[in-house]
Amino acid sequence: MRVTTATEPARPDRDNEDFVAASTNTIVLLDGVGTPVGSDAGCRHGVAWYSRHLGTSVLNLATDAPEIPLVDVLELGIERVADLHRHSCDLSHPGSPSATVIIARQNAGDLDYLVLADSVLLLESGGQTRSICDDREAQVGQHHRAAMDALPSGSPAHVDAHRQYVETLRSYRNRPGGFWVASSDPSAARESIVGKEPLDPLTAVVLLSDGASRLVDRFELATWSATVDLARTDGPSAIIDRVRDAERSDPDGLRWPRGKTYDDATAAFAVPLPI
């Protein structure tokens, strides 16, 4: 695959908790689930550490063993990272570091993909763009975010409401009737959306963390198809630039209520190569 990536932290003075990397045949994107100020995660390493280690492990496994299904790749990756810190951290803590996951792997004449949680995979084929996203967290969250969304972003009251919102959602994490993310339980991988797309006539693949996909699914300033075109013509960094322009235009979240005024944003654009 021919791959271009872009990633940017929400603020230059904070770690980027997203992860993106590519090999000869695989792209992996993770969006680490941040820990709000005042919340505990039971882990001394942090979300950025978790995203980097899980992303690297998954990329290596998916690349080195194309015969292993992607669900098994993610399951093994989660287990390996858990082993790295299970003796130093409380992996049973409800706020233990976690991340969304997208894996896209060119395998013979197909593209295998896996999506877990609310990052977005776009597949362009035959002039049409299809979006693939696991929206179970959004479905749960819409019942608990009214108080947070009613407050100006970044205000002390909003910061407190965001913390309460995140801690409330922890009670729904990785359990039936809730939503699923990669964290310390390898079985969460079994809840992923998986599929296979023929390379012919696949013309583009785009991976977006929710900090980048908000251009479409929160701000409604573009369509998925237009987002693919933007990445193709100007590169994936142009998607992030559009997001930052929108965020700066609405610093108090009055037009677009959101948990984070600015979010880590990551995008990857790939063109599958013929076998």
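The structure we're discussing is the one just above.
Fair warning: this is a prediction, and the values are worked out from it, not measured in the lab. (Residues numbered from 1 in each chain as written. Predicted model: local features only at pLDDT ≥ 70, side-chain atom pairs only at ≥ 80, totals over all residues. Heavy atoms only, no water.)

Participant: So what exactly am I meant to see when it comes to the nonpolar core here?
Facilitator: Among soluble globular proteins, nonpolar side chains are generally buried collectively. Counting 26 residues, the largest nonpolar core has Tyr50, Leu54, Leu74, Val101, Ile103 and Leu114 as its most contacted members. Elements with a contribution of two residues or more to this core: strand E2 (18–22), strand E3 (26–32), helix H1 (47–64), helix H2 (70–85), strand E4 (99–107) and strand E5 (110–116). For this core, the leading source of residues is H1, giving seven residues. With near-sequence residues (within four places) excluded, Leu54 lies in contact with Leu30, Leu74, Gly77, Ile78, Val81, Val101 and Ala182. Residues Ala6, Val206, Val243 and Trp256 belong to the second largest nonpolar core, which totals 23 residues. (Core = buried A, V, L, I, M, F, W, Y, C linked by side-chain atoms within 4.5 Å. Buried < 20%, exposed > 50% of the residue type's maximum accessible area, 1.4 Å probe, protein only. Helix = DSSP H or I, 4+ residues; strand = E, 2+ residues; numbered from the N terminus. Contact = heavy atoms within 4.5 Å.)

Participant: Sorry, what's going on with the sheet that holds E5 here?
Facilitator: Strand pairing in a sheet takes place through backbone hydrogen bonds and is either antiparallel or parallel in direction. Pairing in this open sheet of five strands is antiparallel, and the strands run E2-E3-E4-E5-E8 from one edge to the other. Where the open sheet ends on each side, the last strands, each with one partner, are E2 and strand E8 (193–198). Pairwise comparison of adjacent strand axes, ignoring direction, gives a mean angle of 10 degrees for this sheet. Relative to E4, E3 runs antiparallel, the two sharing seven bridges. (Pairing = 2+ DSSP bridges. Axes fitted to C-alpha atoms, helices over the stretch in contact; angles between N-to-C directions.)

Participant: Help me out: how do you make sense of the sheet that holds strand E1 (residues 2–8) in this one?
Facilitator: As summarised here, the arrangement of the five strands in space is E1-E10-E9-E6-E7, forming an open sheet in which the pairing is antiparallel. In this open sheet, the two strands that pair with only one neighbour each are E1 and strand E7 (128–133). The average angle at which neighbouring strand axes cross in this sheet is 15 degrees, direction not considered. Examined bridge by bridge, strand E6 (residues 120–125) and E7 share six bridges and lie antiparallel to one another. Across the sheet, the residue bridging to Leu121 is Ile132, located in E7.

Participant: Quick question: what am I supposed to make of helix H5 (residues 156–170) here?
Facilitator: For the α-helix, the turn length of 3.6 residues means that residues three or four positions removed from each other point alike. Between its first and last C-alpha, H5 extends 22 Å over 15 residues, near the 21 Å set by a 1.5 Å rise per residue. Along H5, the positions that sit buried rather than exposed are His158, Ala161, His162, Arg163, Tyr165, Val166, Leu169 and Arg170. Considering only its buried residues, H5 is in contact with helix H3 (136–141) and helix H4 (146–149). (Expected span 1.5 Å × (residues − 1).)

Participant: How should I be thinking about helix H7 (residues 224–234) in this particular structure?
Facilitator: Turning to H7, its buried residues are Trp224, Thr227, Val228, Leu230 and Ala231. All buried residues of H7 project into a common sector of 160 degrees when viewed along the axis, lining one side. Along H7, the residues that are exposed and aim more than 90 degrees away from the buried face are Thr233 and Asp234. Looking at the buried side of H7, the elements it contacts are E6, E7, strand E9 (202–208), helix H6 (210–217), helix H8 (236–249) and strand E10 (265–271). At the C-terminal side of H7, Gly235 shows a positive phi close to 90 degrees. (Arc of directions from axis to C-beta.)

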